[in-house]
Amino acid sequence: MLSIEDATVRFGQRAVLDAVDLEVAEHEIVCVLGPSGSGKSTMLRAVAGLQPLDGGRVLLGDADQAGVPVHRRGVGLMFQDHQLFPQRDVGGNVAFGLRMRGAGKAEQAERVRELLDLVGLPGAERRSVAALSGGEQQRVALARALAPRPRLLMLDEPLGQLDRGLRERLVVELRQLFGRLGTTVLAVTHDQGEAFALADRLVVMRDGRIAQSGAPDEVWRRPASEFVARFLGFDNVVTARVTGTVAQTVWGKVPVPDGSPEGERRLLVRPGGVRLVESRPVWTVESRTFRGSQVLVRLRPAEGPALEAEIPLREAPEEGAGVGVEFRAEDVVVLGDDIP
Ligand SMILES: Nc1ncnc2c1ncn2[C@@H]1O[C@H](COP(=O)(O)OP(=O)(O)OP(=O)(O)O)[C@@H](O)[C@H]1O
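Residues numbered from 1 in each chain as written. Predicted model: local features only at pLDDT ≥ 70, side-chain atom pairs only at ≥ 80, totals over all residues.

1. Examining the overall build of the protein chain
For the protein chain, the count of helices and strands is nine helices and 20 strands. Principal-axis analysis of the C-alpha atoms gives the protein chain an extent of 80 × 45 × 35 Å. Sorting the 340 residues of the protein chain into buried and exposed places 40% on the buried side. Across the protein chain, the fraction of contacts at a sequence separation of at least 24, relative to all contacts at a separation of at least 6, is 63%. (Helix = DSSP H or I, 4+ residues; strand = E, 2+ residues; numbered from the N terminus. Buried ≥ 20, exposed ≤ 12 C-beta atoms within 10 Å, placed from the backbone. Contact = placed C-beta atoms within 7 Å.)

Have a look at this one:
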């Protein structure tokens, strides 16, 4: 459906998009994640035709989009800065793309009704957009983007303005809706929870390049590098010397999965892979953070960086207690190098 090939965008000397390759298959939902300034929006704008490329190309279907203006690309945009038209009612907003395409009045009305049903605002045609809640406005913006049946829908921080509870509900609805419609989606968000809930595939960006791309559970289970691991919020990263299935670290011997890369490496231990044991209390419980039925326990070793352990509530030790630890190989990842 979409191919981005070797795409480069420079602002001055700096490549904000640096020879990026990305494919999005028909019906696929791809979410682009990354720190602020990593080039996510620039990539979306380049696909939409809002940002010219300094190198490489964008293909939709098999057609090179060079020189094709925004409104002829057949992409739907739902961008943070694309506000609704305040002087038009809900129906007028949703019909916008249809009107631009020259659709007749009856066709417009029928399609608007269909879309408002779809986004859970049946009969809202004549309401003023100024009188809608944030979540309702977001739904209208979505209906407006979907109305002309775009072959690719692009979302930039689609739920950015909304409070967390509403976002969590809407993101589930969005995924179901896109599944039902078979919509192909390229979305940008800085919110991990949103990306993991929405995506078939995640793309993590860093400094204009793709640091990792994969199914959400795959990226979560096997972050490719220290950058991706830390970006996902994993802090248990330590230097290790890996030989076979054992790594020597300042935390002691850590078992690693069979087939892990060997030698001097950085190593991630997921907090769920740390078990507390009675023997040899060489770790001190520094703090405890409640996470529902789990407690995130921060452990201070005699030497080296602190270690976070996810422990069932009932088994969580008190602050100041001395404990021993064991590691589970399935939760240990020998990390690859960061992209230069
Ligand atoms: N028109 C422009 N002129 C100069 N620099 C720009 C322009 N647009 C973007 N940039 C710079 O390019 C870099 C990437 O911007 P971009 O908006 O793509 O990042 P992002 O990953 O979407 O960030 P955020 O999550 O903050 O939206 C930033 O450092 C930004 O300042």
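Alright, that's what it looks like, and here's the rest.
2. As for the sheet that holds strand 2 (residues 14-24)
Spatial strand order, 2-1-4-5: four strands in an open sheet with antiparallel pairing. The open sheet has two edge strands with one neighbour each: strand 2 and strand 5 (63-64). Relative to strand 2, strand 1 (residues 2-11) runs antiparallel, the two being bridged by seven bridges. Paired with S3 across the bridge in strand 2 is E23. (Pairing = 2+ DSSP bridges.)

3. Brief notes about the pairing of strand 8 (residues 185-188)
Along strand 8, one buried face is formed by V185 and A187 and the opposite face, lined by L186 and V188, is buried too. Here strand 3 (residues 29-33) runs beside strand 8; their pairing, made up of four bridges, is parallel. Of the residues in strand 8, the one forming a bridge with C31 is A187.

4. Notes on the sheet that holds strand 3
Each strand in a sheet pairs with its neighbour through backbone hydrogen bonds, running either in the same direction (parallel) or in the opposite one (antiparallel). Here six strands make up an open sheet; going across it, the order is 6-7-8-3-9-10 and the pairing mixed. On the outer flanks of this sheet lie strand 6 (75-79) and strand 10 (209-214), each paired with one strand and no other. The mean inter-strand angle of the sheet, taken between neighbouring strand axes irrespective of direction, is 15°. In this sheet, strand 8 lies alongside strand 7 (residues 152-156) in parallel orientation, the contact comprising four bridges. Paired with L153 across the bridge in strand 8 is V185. Helix 5 (residues 134-146) rests against strand 6 and strand 7 of the sheet, and its axis sits at about 165° to strand 6. (Axes fitted to C-alpha atoms, helices over the stretch in contact; angles between N-to-C directions.)

5. A closer look at the site of the ligand
All residues adjacent to the ligand are F11, V16, G34, S36, G37, S38, G39, K40, S41, T42 and H190. A per-element tally of the shell around the ligand places helix 1 (residues 40-48) first, with three residues. Across the shell around the ligand, the residue classes break down as two nonpolar, eight polar and one charged. (Near = placed C-beta within 6 Å. Nonpolar A, V, L, I, M, F, W, Y, C, P; charged D, E, K, R; others polar.)

6. Observations concerning the domain arrangement of the protein chain
Along its sequence, the protein chain is organised into domain 1 (2-226) and domain 2 (227-334). Each of domain 1 and domain 2 has a C-alpha centre, and the two are 38 Å apart. The interface is formed by twelve residues belonging to domain 1 together with eleven residues belonging to domain 2. Tallied by class, residues from the side of domain 1 that touches domain 2 come to six nonpolar, three polar and three charged. (Domains from an automatic or database assignment.)

7. Considering the environment of L177
Tracing the backbone through its elements, the reader meets L177 in helix 6 (residues 164-181). On the basis of neighbour count, L177 is assigned to the partly exposed category, with 16 C-beta atoms found within 10 Å.

8. Examining helix 5
Under the 1.5 Å per step criterion, the end-to-end length of helix 5 is 18 Å for 13 residues, consistent within 8% with the ideal 18 Å. Taken together, the buried positions of helix 5 are occupied by Q138, R139, V140, A141, L142, A143, R144, A145 and L146. Residues of helix 5 that are buried make contact with strand 6, helix 2 (90-94), helix 3 (96-100), helix 4 (105-118), strand 7 and helix 6. (Expected span 1.5 Å × (residues − 1).)

9. Regarding the pairing of strand 12 (residues 246-249)
The pairing of strand 11 (residues 237-243) with strand 12 spans three bridges and is antiparallel. Bridge assignment links T243 to a residue of strand 12, and that residue is V246. Taking the residues that link successive antiparallel strands as the turn, the strand 11-strand 12 hairpin has two residues, and the phi of G244 there is positive, at about 60°. With four bridges connecting them, strand 12 and strand 13 (residues 252-255) associate as antiparallel partners.

10. A closer look at unusual backbone geometry
Phi is positive for A19, which is not a glycine, with a value near 55°. On the secondary structure map, A19 appears in strand 2. We classify A19 as partly exposed; it has 14 C-beta atoms within 10 Å. Phi at H27 takes a positive value of approximately 70°, unusual for a residue other than glycine. Along the chain, H27 falls in the loop between strand 2 and strand 3.

11. What about the confidence of the model for the protein chain?
Put simply, the protein chain has an average pLDDT of 91, and 98% of its residues get 70 or more. Taking the mean pLDDT of every element in the protein chain, the minimum, 84, falls on helix 6 and the maximum, 97, on strand 20 (residues 332-334). For this predicted complex, the interface score ipTM comes out at 0.94, alongside a pTM of 0.88. (pLDDT = per-residue confidence, 0-100.)

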